[in-house]
Amino acid sequence: MIKELLNKYGSPLYVYDKDILINRCNEMVNFKNKLENNLNINVSMHYSMKANENLSLLKIIKDCGLKIDSMSELELYLAKLAGFNKEDILYVCNNITEKEMESVHDNNILICLDSISQVETWGKNFPNSNIMVRVNTGILGVGHSDKVITSGEVTKFGIAISDINELFNIIKKYNLNIIGVHEHLGSLFLNDKMDNYLKGIESFLKVVVSYFPSVEIIDLGGGFGVPYKDEDRLDLNLLCKKLTDLLKQYIKQLHLKEIKFEPGRYIVCECGKIYGRVTSIKKDYIGTDIGMNVLIRPEMYDAYHKIELFPKRDTKIITTNFCGNICESGDILGKERVVNTPEIGNSVIVYNAGAYGYSMSSNYTGRLKCAEVLIDNDKDILIRKRETIEDIINLQK
Ligand SMILES: Cc1ncc(COP(=O)(O)O)c(C=O)c1O
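Residues numbered from 1 in each chain as written. Predicted model: local features only at pLDDT ≥ 70, side-chain atom pairs only at ≥ 80, totals over all residues.

K.L.:
Is there a simple way to think about the environment of Asn394 in this case?
P.N.:
Along the chain, Asn394 falls in the segment after helix H12 (389–393). Assessed through the 8 C-beta atoms surrounding it within 10 Å, Asn394 is described here as exposed. Placed 68 residues apart in sequence, Asn394 and Ile326 show a C-alpha to C-alpha distance of 24 Å. (Helix = DSSP H or I, 4+ residues; strand = E, 2+ residues; numbered from the N terminus. Buried ≥ 20, exposed ≤ 12 C-beta atoms within 10 Å, placed from the backbone.)

Laid out in structure tokens, this is it:
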């Protein structure tokens, strides 16, 4: 199947399994339903489409009953194209232009603003409107790398508690209505960091109770992790129970209508793989066509992705480094992996590539972006064509 797909669609190739995607969506919907029952309050799961914005995947996610979180005009356009209703789209942005704000406003989408100056810009243009604001309580968030921890003393995100009085002055000046408060602590926590996540949520809830007691919505962001190596799966039952206990203490002091979450990685990560090919072999390195332009996570975050060779061979076992075809020493896909010696042309499979894989891929060193294929009941469906040289040239003079 791997070889046939690579022959048919070219290499490297992103391949998604529809069943796994639906399973993950259903798990999030069950989590939402349980929390809703426990708290007797509406809970919404907004899929954070920055993780993967392929239109066909968005349609599946929508059909599973999730809402969506977008953060750019293209993401918003794709969310609408996938069929999400305007009221189910949230725009959680950072440092956007006045023009972009105008487009969110004209589309009648609820925006979440994350600095005093962005609130001022919005207020000047759209007085008397509803907004959400993102706060930073100052407590250190959780994430797989410092680069994706988005709460703490040093971060570009959110309105600091020390700035809240100034926020209220601007709100008053433009007669804005803060209907929701948001916090996203960071990306990827598992069971070992569940209590840190809950501590962050608790500090957020304290801020909401103290400063925003009349808001309708609280948004607890994303961050639900998946195992990349051999970690245990996130215990969603335990998380739901602990969140229930915590939220119960605080929501009785509020007048909430809705609690939102924004899971990205959890939904799409495990359904996606990259198929590629071994292109060269030398001492200590297996060269492949899966460069950092295809998957940046190992280079950018030192992230681990399981890698396998296909077909399985009964050759000498070696410890080696998988690398790509880009002119940087950091272009290493996997360090010190123990594998059977491959042959040129063997297939390479990179697991858990569905989140922040294609969406972070690039044309660096003139490489064209991959095709994407969906596996649906043993049928392979091309859901994004491979980029062509013409696609690139057409944008230039
Ligand atoms: C504001 C916001 N919400 C949600 C997410 C999704 O996070 P994750 O994919 O870890 O669930 C992110 C990711 O960085 C984010 O910045």
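K.L.:
Would you mind going over the pairing of strand S6 (residues 130–136) with me for this structure?
P.N.:
Across a regular strand the side chains alternate sides, sitting on one face of the sheet and then on the other. In terms of residue burial, S6 counts as a mostly covered element, since 6 of its 7 residues are buried. In this structure, strand S5 (residues 110–113) lies alongside S6, joined through 2 bridges in parallel fashion. Directly across from Leu113, in S6, lies its bridge partner Val133. Following the backbone out of S5, through helix H6 (residues 116–125) and into the adjacent parallel S6, one traces a crossover that is right-handed. Relative to strand S8 (residues 177–182), S6 runs parallel, the two being bridged by 5 bridges. From the neighbouring strand, Asn130 faces S8, where its bridge partner is Asn177. Inspection of the sheet shows S6 paired to strand S7 (residues 159–160) by 2 bridges, in the parallel sense. (Pairing = 2+ DSSP bridges. Right-handed = clockwise from strand over helix to strand, strands pointing away.)

K.L.:
Any chance you could explain the packing of helix H5 (residues 98–106) against H6 here in plain terms?
P.N.:
A packed helix pair is summarised by two numbers, namely the angle formed by the two axes and the spacing between the axes. Direction vectors running N to C along H5 and H6 enclose 60 degrees, while the axes themselves pass 10 Å from each other. Overall, the two elements H5 and H6 adopt an arrangement that is oblique. H5 and H6 meet at a crossing whose hand is right-handed. Two secondary-structure elements touch here, H5 through Glu98, Met101 and Glu102 and H6 through Thr121, Trp122 and Asn125. The class makeup of the residues in the contact of H5 with H6 is 2 nonpolar, 2 polar and 2 charged. (Axes fitted to C-alpha atoms, helices over the stretch in contact; angles between N-to-C directions. Parallel < 35°, antiparallel > 145°, perpendicular 65-115°, else oblique. Left-handed = near helix turned anticlockwise from the far one by under 90°. Contact = placed C-beta atoms within 7 Å. Nonpolar A, V, L, I, M, F, W, Y, C, P; charged D, E, K, R; others polar.)

K.L.:
Looking at this structure, how should I read the nonpolar core?
P.N.:
Most often, soluble globular proteins have nonpolar side chains that are buried together. Counting 97 residues, the largest nonpolar core has Leu13, Tyr91, Val133 and Ile274 as the members making the most contacts within it. Looking at which domains feed residues into this core, each of domain 1 (2–15 + 272–353 + 357–387) and domain 2 (41–268) supplies at least three. Leu13 has contacts with Leu5, Leu6, Ile274, Tyr275, Cys370, Ala371 and Val373, leaving out every residue within four places of it along the chain. (Core = buried A, V, L, I, M, F, W, Y, C linked by C-beta atoms within 7 Å. Domains from an automatic or database assignment.)

K.L.:
Which parts of the structure should I look at to understand the site of the ligand?
P.N.:
Not every one of the 19 residues close to the ligand is listed here, only the nearest: Ser48, Ser187, Gly222, Gly264 and Arg265. In the shell around the ligand, the residues fall into 7 nonpolar, 8 polar and 4 charged. (Near = placed C-beta within 6 Å.)

K.L.:
Looking at this structure, how should I read unusual backbone geometry?
P.N.:
Negative phi is the rule for most residues except glycine; trans is the rule for most peptide bonds. Residue Pro12 is bonded to the preceding Ser11 through a cis peptide linkage, with omega at -5 degrees. Of note, Pro12 is situated in the loop between helix H1 (2–9) and strand S1 (13–17). In this model, Phe310 is joined to Pro311 through a cis peptide bond whose omega is 0 degrees. Secondary-structure assignment places Pro311 in the loop between strand S13 (307–310) and strand S14 (317–323). In the Ramachandran plot, Leu188 falls in the positive-phi region, its phi being about 90 degrees despite a non-glycine side chain. Structurally, the position occupied by Leu188 is in the loop between S8 and helix H8 (194–211). Look at Leu188 and you get buried, because 26 C-beta atoms sit within 10 Å. A positive phi is found at Glu336, a non-glycine position, where the angle reads about 50 degrees. Turning to its location among the elements, Glu336 is positioned in strand S15 (residues 332–340).

K.L.:
Explanation requested: the pairing of strand S16 (residues 347–350) in the structure shown.
P.N.:
Summarising the sheet, strand S11 (residues 272–282) and S16 pair through 4 bridges and their orientation is antiparallel. Paired with Ile274 across the bridge in S16 is Val350. Here 4 bridges tie S13 to S16, and the two strands are oriented antiparallel to one another. In the sheet register, Ile307 faces S16, and the bridge partner there is Val350.

K.L.:
Can you walk me through H1 in this structure?
P.N.:
Along an α-helix, a turn takes 3.6 residues, which lines up residues three or four apart on a common side. The set of residues buried in H1 consists of Ile2, Leu6 and Tyr9. The buried residues of H1 occupy an angular sector of 90 degrees when the element is viewed end-on, so they sit on one face. Exposed residues pointing more than 90 degrees away from the buried face of H1 are listed as Glu4, Asn7 and Lys8. Of the surrounding elements, those touching the buried residues of H1 are S1, S11, S13, S16, strand S17 (371–376) and strand S18 (379–384). Phi turns positive one or two residues past the end of H1, at Gly10, with a value near 90 degrees. (Arc of directions from axis to C-beta.)

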